[in-house]
Amino acid sequence: MIHQNLHPETVFDSWNWRDISPYFDRLAKQPLNQHNLADWLLEWTNWHNLLEEAQNHCYVATTRNTEDRSAREKYQRYLEEIFPESEQADQRLKERLLESGYTLPGLEVPLRNLGAEASIYCQENLSLLSREKALITQYDEVLSTQTVKWKGEELTIQQMQTVLQSPDRNEREAAWRLASERQLEDRQQINELWTEFFTVREKMALNKGMADYRAYRWLQLVRLDYSVEDCLHFHAAVEKVVLPAAQRVCDRRRRAMGVPSLRPWDIQADPLGRPPLQPFQNIDELRDGCGRMLQQVHPQLGEYFSLLVERELLDLDNRKGKAPGGYCIEFPYSKIPFIFMNAVGIHEDVLTLVHESGHAFHALEQFKLPYHLQYARNLEFMEVASTTMEYLCSPYLTRENGGFYTTQEAARAVAERLENFLLFLPYLTVVDAFQHWAYEHPDLAVNPAECDIAWAALWNKYMIHEDWNGLEEEMKTGWQRKLHIHEDPFYYIEYGLAELGALQIWMNSLENPDRAIRDYLKALSLGSTANVIQLYQAAGTKLIWEVESLSPVIAFVEEKINQLNGTAVG
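Structure report, in brief. None of these values were measured; they are calculated from a predicted model.

Calculation rules
Residue indices begin from 1 for each chain and proceed along its sequence in written order. With the structure being a predicted model, the display of local features is reserved for residues of pLDDT at least 70 and the display and counting of side-chain atom pairs for 80 or more, all residues being used for whole-chain, interface and lining totals. Calculation of side-chain values draws on the structure's entire complement of heavy atoms; hydrogens and water are dropped beforehand. Only DSSP runs of H or I with at least four residues qualify as helices, and only runs of E with at least two residues qualify as strands; both kinds are numbered from the N terminus onward. C-alpha atoms define the radius of gyration in this analysis, and the globule rule sets the expected value at 2.2 Å times the number of residues to the power 0.38. Relative accessibility under 20% of the residue-type maximum defines a buried residue, over 50% an exposed one, and the middle range a partly exposed one, all with a 1.4 Å probe and only protein chains included. The contact definition used throughout considers only heavy atoms, calling two residues in contact when any of these lie within 4.5 Å. Surface exposure here means Shrake-Rupley accessible area, sampled with a 1.4 Å probe, where a residue is shielded only by the protein chains that are shown. Charge assignment in this entry is limited to Lys and Arg as positive and Asp and Glu as negative, and neither His nor the chain termini are counted. Charge placement uses NZ in Lys and CZ in Arg. For Asp and Glu, CG and CD serve respectively. Criterion for a salt bridge: a side-chain nitrogen of Lys or Arg within 4 Å of a carboxyl oxygen of Asp or Glu.

### Observations concerning the overall build of the protein
So, step 1. The secondary structure content of the protein amounts to 23 helices and 5 strands.
So, step 2. Relative to its length of 570 residues, the protein is compact, with a C-alpha radius of gyration of 24 Å against a globular reference of 25 Å.
So, step 3. For the protein, the spread of C-alpha atoms along the three principal axes comes to 75 × 50 × 45 Å.
So, step 4. Here the protein holds 570 residues, and 59% of them are scored as buried.
So, step 5. Across the protein, the fraction of contacts at a sequence separation of at least 24, relative to all contacts at a separation of at least 6, is 78%.
So, step 6. As displayed, the protein offers around 22,900 Å² of accessible surface, 48% of which is attributable to carbon and sulfur atoms.
So, step 7. Here the protein carries 56 positive and 84 negative side-chain charges, and the mean point of each set is 1 Å from the other.

Written out as structure tokens, the structure reads:
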């Protein structure tokens, strides 16, 4: 059993691997049979969760303050001294379980997934995995230091997003150009990081004798229920069904704005010249408003969110030195999640908080399962858990229902969310298709200049509704600024699949709200005890790849947009 004085946040301040390895050694040597399997799995789960939580605390500290040298050094020490050893120890236990042939109810799919993970294990890759994590920290540091002087203030690139919602087109253009100029200053540094990222990942695949990194990553992500070909079918379906819908959105916006074409600084602005939605003035208002909305969706979700508030498991404000982006990370030993984001006072912040709360609810539901092998690792459904909250909260955005807006403002917010979804799917396709190109053509992709060319070609294919004339350098380097490409390769199509899953749950809720939320919570509680297809089915939805399934969902979205726009303009 675990030493009672150990705490995940501080355990490796005093302990090193020599202190903890005897416990894993004992598990590896312990006779295993059907009668003691449950106890053996519970002890392994405790140690696995302790180590994962310790690592996650280290990572969180580096993102909350990228300038904290001691936090960075502690995380680096963990990656160098603990991570490779713990991975080897975990691998021995995985092999032991798989070789034993023993199982328990609820382990059928986890054991299948475990076999996939075990198949790509390679001791030579442990140092490469550690190096990959260190490179991610370096990439975060580069982006977190990107600030500009705007009207006498030093603002982060994230904070500049509020200016891009200004009704003043000249102001938006000036802000966009200033931010882009600052981002291009780091072009060479990011290029160098990319080359090392790419080299490290290709070597991982080579060490396992695999055709390419994509094949390696497919198993690392445990993508056992769909194929590369499915993704390519999805790209084609987006081109046929979504691009015309996105063009219709942009044509309406262009006509309303009275401009010949939509430039990149026009995309976030309101086409009717209305000022940006300002849902809150401070972080307390954001937190409390989202809490009220989630309570309205379902009392259990409100209770879960209150737990996050009470336990101080939210870091919501944007500040200098804080890593970009947002995430929900798990502390599995303590059985609690933690939410990190960069709120700057825009509607997107409301969406981000309820989105990450969905991830937190998923974690809290699955922590009721006894073994860590049953926790969800399928990103395709994990993103359904989060994205669904954005849609199920939409009826409660008005102040009278606990939210932030008037009836007209709420309708505008949801209409914009749906329009942005239609504009997002083509961008998502660029990101996903770029990564397929990169790892299919490693000899080219290791060269950042070739990446610029490939990204530009995809952009010109899928993003025809935006006018980037004269902005070629900014456009072709867009891949540098997409965090997932660098930090989490191939993790992006999940957002599109999840959007479509979440929209189906929303559509179900309009017919039978009680059943829709019941199915949603049931699916969350399954963790990884069901495969991806079964999880979608449990939630009352299905995975969508082809034109035939995509078309009715896009038609629903366009119909909703028209209804909401009518309400928004009164």
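### Some details on the pattern of salt bridges
So, step 1. Counting across every chain of the model gives 43 salt bridges.
So, step 2. The salt bridge partner of Lys151 is Glu171, with a shortest N-O separation of 2.4 Å. With Lys151 in the loop between strand E1 (147–150) and strand E2 (153–156) and Glu171 in helix H7 (residues 169–184), this residue pair connects regions lying 20 residues apart in the sequence.
So, step 3. Since its relative accessible area comes to 64%, Lys151 is described here as exposed.
So, step 4. With a shortest N-O distance of 3.4 Å, Asp270 and Arg412 are connected by a salt bridge. Here Asp270 is found in the loop between helix H10 (228–257) and helix H11 (283–297), whereas its partner Arg412 is found in helix H15 (residues 407–440), with 142 residues between them in sequence. Of the two residues examined, Asp270 and Arg412, each falls in the buried class.
So, step 5. Salt bridges sharing common partners tie together Arg64, Asp315, Asp317, Arg319 and Lys322.

Purely geometric stuff here, so don't read any function into it on its own.
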